[in-house]
Amino acid sequence: MPSFPNILININGVLAAPEEARISVFDRGFLYGDSVYEVTQTIRGIPFRLDLHLERLRKSASKIGLSILTTDLELKKQIARTLIALDEPTVYLRLVVTRGGEEEISLDPNTPGRENIVIIAKELKPYPIEWYEKGVRVIIADTIRNPLESIDPNVKSGNYLNNVMAFGEASKIGAYDAIMLNHHGEVTEATTSNVWMIKDGTIYTPPLRSGLLEGLTRKALLQISQHAKIPVFEKTITPQELFEADEIFLSSTTKKLIPITTLNEKKIGTGLPGPLTQQLRQLYDQHCEHTLKSFEPEWREILGLLG
Ligand SMILES: Cc1ncc(COP(=O)(O)O)c(C=O)c1O
């Protein structure tokens, strides 16, 4: 089987090594980015928050008029089969659903064609410890986030060209990532994570109306902070406010909380990860353990169904 031992692909239920995995060039995901996707990871073999990711996948799909015919149970079973075959405890898991498309090049989303389901599972190695201990440098990109009135950035679609361009601006100069503004000049998010700032003991993150993906980590952090009685608000944020913040950090499922210690050329706060970011990181780790336990029984059931 696979000659890349730590990567396995599942296309419409067929497992394949990466070099054998094939999808049609007529697939609309390939031609137009006409697809939706989700990324999560496994922790000790269990896909983290899978139900919430599937819920968001369907939400994204419905916003672009794509009805996913495959049931959640079938998606979960295919994920389980892939994970069993890969046999790694910590796995990056990407689930892509495209609108399909067969031997026809047409923009029309109503042309017949059955969805394609692609699962990419690969061993997730730990991220560099310096990111968390020293923080990272991020830039403010010239490329702006697409407006809500266009494809809502809250749709996690295969069309990420703005984010690709913004990330390219960062990587070209050796920065970790880029924060994107909207067309009003307000902060939205980074290319694959949400943005937070801390000022005078209060936590702020931009509201969904600024145009951003409602990250599941973001959602959890809002609840965790409220629960810990740390003042937290969703509010429009300007780049100036970011530059003057005491602490800034990014949040996402696979990378959790990453402190930003330099923004463009400016040191943020003391230039080291701040105390509140560190506190939130700990609280979030505890939350992950707790959440994982709540997903464990259902996952065992899914594994049991595979026989
Ligand atoms: C554009 C964007 N924003 C934010 C996030 C963070 O979302 P989550 O916390 O659900 O991983 C992602 C995740 O991939 C993303 O692509």
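Here, every reference points to the structure presented above.
Residues numbered from 1 in each chain as written. Predicted model: local features only at pLDDT ≥ 70, side-chain atom pairs only at ≥ 80, totals over all residues. Heavy atoms only, no water.

Draft legend 1. Local environment of the overall build of the protein. Assigned secondary structure in the protein consists of eight helices and 15 strands. Relative to the compact-globule value of 19 Å for 307 residues, the protein shows a C-alpha radius of gyration of 20 Å, a close match. By its C-alpha atoms, the protein is 55 × 45 × 35 Å across when sized along the principal axes. By the burial criterion, 51% of the 307 residues in the protein qualify as buried. In the protein, once contacts between residues fewer than 6 apart in sequence are set aside, the share between residues at least 24 apart is 72%. For the protein, the accessible surface area stands at approximately 14700 Å², while carbon and sulfur atoms represent 56% of it. Side chains of the protein carry 34 positive and 39 negative charges; the gap between the two charge centres is 3 Å. (Helix = DSSP H or I, 4+ residues; strand = E, 2+ residues; numbered from the N terminus. Rg over C-alpha atoms; globule rule 2.2 N^0.38 Å. Buried < 20%, exposed > 50% of the residue type's maximum accessible area, 1.4 Å probe, protein only. Contact = heavy atoms within 4.5 Å. Areas by Shrake-Rupley, 256 points an atom, 1.4 Å probe, with all protein chains shown as cover. Lys, Arg positive; Asp, Glu negative; His and termini not counted. Charge placed at Lys NZ, Arg CZ, Asp CG, Glu CD.)

Draft legend 2. Expanded view of the sheet that holds strand β1 (residues 7-11). The six strands are arranged β2-β1-β6-β5-β3-β4 in an open sheet whose pairing can be described as antiparallel. Of all the strands in the sheet, the pair left with one neighbour each is β2 (14-16) and β4 (46-47). Here β1 pairs with β2 via three bridges, running antiparallel. Looking across to β2, one finds that Asn10 is bridged to Leu15. Packed onto the sheet, helix α2 (residues 50-63) meets β3 (35-43), β4 and β5 (91-98) and runs at close to 175° relative to β3. Contacting β1, β2, β3, β4, β5 and β6 (116-123), helix α3 (residues 72-86) crosses the sheet at an angle of about 35° to β6. (Pairing = 2+ DSSP bridges. Axes fitted to C-alpha atoms, helices over the stretch in contact; angles between N-to-C directions.)

Draft legend 3. Inspection of the site of the ligand at higher detail. Around the ligand there are 17 residues in total, and Lys156, Tyr160, Glu189, Thr217 and Thr253 lie nearest to it. At 2.7 Å, a side-chain N or O of Lys156 approaches an oxygen atom of the ligand. A distance of 2.7 Å separates an oxygen atom of the ligand from a polar atom in the backbone of Leu216. Protein chains shield 96% of the accessible area of the ligand, which is 390 Å² for the free molecule. Mapped onto the shell around the ligand, the elements with two or more residues apiece are α6 (216-227) and β13 (247-252). Of the residues assigned to the shell around the ligand, the class counts are three nonpolar, ten polar and four charged. (Near = heavy atom within 4 Å. Polar contact = N/O pair within 3.5 Å; in protein donor to acceptor, adjacent residues only side chain to side chain. Nonpolar A, V, L, I, M, F, W, Y, C, P; charged D, E, K, R; others polar.)

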